[in-house]
Amino acid sequence: MATSEETNTGSASDKSFEETQEGHEHQSGDKRKRLFSKELRCMMYGFGDDQNPYTETVDLLEDLVIEFITNITHKAMEVGRTGRVHVEDIVFLVRKDPRKYSRVKDLLTMNEELKKARKAFDEVKYATI
């Protein structure tokens with residue numbers, strides 16, 4: 001932790017970095033509910049990690065994922081209508097990253113196909129009743 005003398009001589013960006021780090025340590029120390037632990041463990045195993053990875057590693061990865069989602073959401077709220085996030089806003093933000101853009105497009109296409117398949121299945125199901 002920086003002393004008050006170091007903080008006074010540091011720039012504004014140094015202060016925000018230190019404040020961010022202090023807040024991050026505080027969050028990590030909290031016993032908050034982990035939202036993606038199970039999924040991240042499975043993904044890590046799928047990418048070659050141990051079947052039971054260290055909890056600290058999963059927690060760190062989850063912190064990074066939540067930070068990424070939070071940043072993208074805030075940016076999306078600024079891009080589109082204020083206070084609302086639309087799919088188009090996310091697509092707009094990832095348009096310059098070919099891997100992310102391709103993945104988003106694939107997921108959106110798959111989502112539409114699943115909706116059509118469910119609708120067709122429901123129509124057949126209700127038609128036979």
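Residues numbered from 1 in each chain as written. Predicted model: local features only at pLDDT ≥ 70, side-chain atom pairs only at ≥ 80, totals over all residues. Heavy atoms only, no water.

For the protein chain, an unreviewed UniProt entry supplies the name Transcription initiation factor TFIID subunit 13 and the organism Limulus polyphemus. As its UniProt record puts it under Subcellular location (unreviewed entry), the protein chain is described as follows: "Nucleus". The heading Sequence similarities (unreviewed entry) in the UniProt record of the protein chain holds the text "Belongs to the TAF13 family." (UniProt positions renumbered as here; feature names shortened; annotations may be inferred.)

Another point: the side chain of Glu62. Mapped onto the secondary structure, Glu62 falls in helix H4 (residues 55-79). Lacking a salt bridge, the buried Glu62 has Arg34 as its closest oppositely charged neighbour, with an N-O distance of 4.0 Å. Sequence-distant contacts of Glu62, that is, excluding residues within four places in its chain, are made with Arg34, Leu35, Phe36, Ser37 and Leu40. (Helix = DSSP H or I, 4+ residues; strand = E, 2+ residues; numbered from the N terminus. Buried < 20%, exposed > 50% of the residue type's maximum accessible area, 1.4 Å probe, protein only. Lys, Arg positive; Asp, Glu negative; His and termini not counted. Salt bridge = Lys/Arg side-chain N within 4 Å of Asp/Glu carboxyl O. Contact = heavy atoms within 4.5 Å.)

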